[in-house]
Amino acid sequence: MRVLSGIQPTGRFHWGNYFGAIRQYIDLQGDRTKAFYFIANLHALTTIRDRDALMRYTLDAAMDLLALGLDPEKATLFVQSDVPEVSELCWLLMTGTPMGLLERCVAYKDKKAKGLSADAGLFTYPVLMAADILAYDSEIVPVGEDQIQHIEVCRDLAASFNHEFGQTFVLPKAKILDRSARVPGTDGEKMSKSYNNTLAVFEEPAVLRKQIMRIVTDSRPMEQPKDPESDHLFQLYSLFASDSQREEMAALYRRGGFGYGEVKKALAELAIEFFAPARERRKELEAQPRRVREILGDGAATARTKASAVLRRAQDACGARLPEIC
Ligand code: ADP
Ligand code: TRP
């Protein structure tokens with residue numbers, strides 16, 4: 001069973017990315033030939049138009065994933081653009097993609113609705129994503145809920161290609177990442193780069209403490225009992241707390257008579273401790289850039305072997321490759 005997912009290198013990873021996606025990718029790894037994870041730098045190019053930033057974020061993403069526990073013995077990690085076969089496959093798929101299908105996709109639709117001009121990269125984003133998935137005969141694609149529409153597009157494109165040219169592609173299934181892992185940001189809304197409310201996984205402890213102290217809370221008096229479940233500070237605390245710590249904190253909320261400052265201090269200490277081993281590994285990796293490049297190179301080689309076989313299969317099916325003369 002091939003598991004595959006991609007993550008865009010659009011900035012430093014935040015707690016939402018970790019608990020909502022990365023941690024679950026790591027839980028699903030196990031066999032190098034079966035779990036494929038890549039850094040979607042070609043997709044990021046639809047938003048990042050700064051050469052140095054894109055390169056830095058791509059390498060940062062690789063180091064972050066490795067530091068957080070992605071194990072190159074148990075999963076294949078590579079950079080999307082290191083597998084050019086995917087872009088070729090994208091073209092083959094594009095020739096059979098109805099415009100209407102892409103016009104209905106939300107990322108493009110939202111941008112249009114806001115009156116912003118969209119480019120062909122954003123418009124055809126779902127086709128490249130379909131090529132990413134189909135190039136490796138992927139069966140399971142772990143993604144957040146916002147990506148379900150793209151998996152549906154991928155299945156549609158694969159099914160219609162198979163219908164036109166005969167069985168070529170494996171139809172993938174989405175595995176929706178744990179919904180309870182919707183991490184709130186410092187303002188209580190969903191944590192997201194676009195909302196400027198993130199707490200970064202590899203933030204310096206001193207900076208993180210300050211950011212946590214600035215988390216927005218309500219102004220109810222200290223004495224008033226509070227419902228822990230509806231409080232975003234408590235939700236953040238729960239990400240890191242053991243069951244007993246969580247219970248104790250919930251009891252404090254219900255009893256009242258405490259300040260949010262205490263919760264923030266406890267949260268900062270737990271979070272700093274939780275990510276400490278990853279921070280250490282991150283520092284070690286930074287000191288070994290060659291090792292990181294080697295891991296990505298090996299990953300790309302493994303991925304290319306698979307992708308070129310699938311590309312050949314697709315080219316043969318649609319007549320885009322002349323048969324060899326013996
Ligand atoms: P952002 O919203 O910061 O731009 P992305 O859209 O790049 O983040 O998300 C990358 C991955 O992290 C996706 O799989 C997404 O579902 C997950 N993710 C992002 N923010 C959160 C969050 N607040 N809670 C849970 N998962 C999240
Ligand atoms: N579009 C995905 C996101 O923004 C990233 C991605 C690109 C992806 N290609 C993929 C995810 C293929 C799963 C499979 O999160």
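Residues numbered from 1 in each chain as written. Chains lettered and ligands numbered in written order. Predicted model: local features only at pLDDT ≥ 70, side-chain atom pairs only at ≥ 80, totals over all residues. Heavy atoms only, no water.

## Focus on the overall build of the protein chain
Part 1 of the reasoning: Regarding its fold elements, the protein chain presents 14 helices and five strands.
Part 2 of the reasoning: Here the C-alpha atoms of the protein chain give a radius of gyration of 22 Å, agreeing with the 20 Å that 2.2 N^0.38 yields for 326 residues.
Part 3 of the reasoning: Each of the three principal axes of the protein chain carries a C-alpha extent, and together these read 85 × 45 × 35 Å.
Part 4 of the reasoning: When the 326 residues of the protein chain are sorted by exposure, 48% land in the buried category.
Part 5 of the reasoning: Put simply, 77% of the contacts in the protein chain that link residues at least 6 apart link residues at least 24 apart.
Part 6 of the reasoning: About 16,500 Å² of surface is accessible on the protein chain, with carbon and sulfur atoms providing 51% of the total.
Part 7 of the reasoning: For the protein chain, the separation between the mean place of its 43 positive charges and that of its 45 negative charges on side chains is 1 Å. (Helix = DSSP H or I, 4+ residues; strand = E, 2+ residues; numbered from the N terminus. Rg over C-alpha atoms; globule rule 2.2 N^0.38 Å. Buried < 20%, exposed > 50% of the residue type's maximum accessible area, 1.4 Å probe, protein only. Contact = heavy atoms within 4.5 Å. Areas by Shrake-Rupley, 256 points an atom, 1.4 Å probe, with all protein chains shown as cover. Lys, Arg positive; Asp, Glu negative; His and termini not counted. Charge placed at Lys NZ, Arg CZ, Asp CG, Glu CD.)

## Focus on the site of ligand 2
Part 1 of the reasoning: Around ligand 2 lies a shell of 14 residues, among which Q8, H43, Y125, D132 and Q147 are the nearest.
Part 2 of the reasoning: The contact in question runs from a nitrogen atom of ligand 2 to an N or O atom on the side chain of Y125, over 2.7 Å.
Part 3 of the reasoning: Between D132 and ligand 2, the recorded distance is 2.8 Å, taken from a side-chain N or O atom to a nitrogen atom. (Near = heavy atom within 4 Å. Polar contact = N/O pair within 3.5 Å; in protein donor to acceptor, adjacent residues only side chain to side chain.)

## Structural notes on the site of ligand 1
Part 1 of the reasoning: Neighbouring residues of ligand 1: 14 residues in total, closest H14, A181, V183, S192 and K193.
Part 2 of the reasoning: Taking S192, its side chain carries an N or O atom lying 2.8 Å from an oxygen atom of ligand 1.
Part 3 of the reasoning: For the shell around ligand 1, a count of residues per class yields four nonpolar, six polar and four charged. (Nonpolar A, V, L, I, M, F, W, Y, C, P; charged D, E, K, R; others polar.)

## Observations concerning the state of the cysteines
Part 1 of the reasoning: Considering all chains together, one arrives at zero disulfides under this definition.
Part 2 of the reasoning: Left unpaired, C154 is separated from the closest cysteine sulfur, that of C90, by 11 Å. (Disulfide = S-S within 2.5 Å.)

## What to know about helix 1 (residues 15–28)
Since the α-helix packs 3.6 residues into each turn, any two residues three or four apart lie on the same face.
Part 1 of the reasoning: Across its 14 residues, helix 1 extends 19 Å between first and last C-alpha, which sits within 8% of the 20 Å expected from 1.5 Å per residue.
Part 2 of the reasoning: At I22, helix 1 shows its strongest bend, of approximately 35°.
Part 3 of the reasoning: Where burial is concerned, most of helix 1 is hidden: eleven out of the 14 residues are buried.
Part 4 of the reasoning: Three or more residues of helix 1 are buried, namely W15, G16, N17, Y18, F19, G20, A21, I22, Q24, Y25 and I26. (Expected span 1.5 Å × (residues − 1). Bend = angle between axes of the 7 residues up to and from the residue.)

## Overview of helix 8 (residues 125–134)
Part 1 of the reasoning: Most of helix 8 is tucked away, with ten of its ten residues classed as buried.
Part 2 of the reasoning: Every buried residue belonging to helix 8 is among Y125, P126, V127, L128, M129, A130, A131, D132, I133 and L134, and all of these are buried.

## Some details on the packing of aromatic side chains
Centre distance and the angle of the planes are the two values used to describe a pair of aromatic rings.
Part 1 of the reasoning: For the structure on display, the rule yields 21 aromatic pairs.
Part 2 of the reasoning: Residues Y25 and Y37 carry aromatic rings whose centres are separated by 5.0 Å and whose planes lie at 20° to one another, so their mutual orientation is stacked. Residue Y25 is found in helix 1, and its partner Y37 is found in strand 2 (residues 35–39); the two are separated by twelve residues along the sequence. Of the two residues examined, Y25 and Y37, each falls in the buried class.
Part 3 of the reasoning: Relative to F275, the ring of F274 lies with its centre 5.0 Å away and its plane at 90°, an arrangement referred to as edge-to-face.
Part 4 of the reasoning: By relative accessible area, F275 is classed as buried at 2%.
Part 5 of the reasoning: Grouping aromatic residues by their ring pairs yields a cluster made of W15, Y18, F19, F240, F274 and F275. (Phe/Tyr/Trp six-rings, centres within 6.5 Å; stacked < 30°, edge-to-face > 60°.)

## Re the environment of F161
Part 1 of the reasoning: Among the structural elements, F161 can be located in helix 9 (residues 148–165).
Part 2 of the reasoning: Residue classification places F161 among the buried positions, given a relative accessible area of 5%.
Part 3 of the reasoning: F161 sits 110 residues away from R51 along the chain, and the two C-alpha atoms are 35 Å apart.
Part 4 of the reasoning: Residues contacting F161, with those up to four places away along its chain left out, are G166, T168, F169, A314, A317 and C318.

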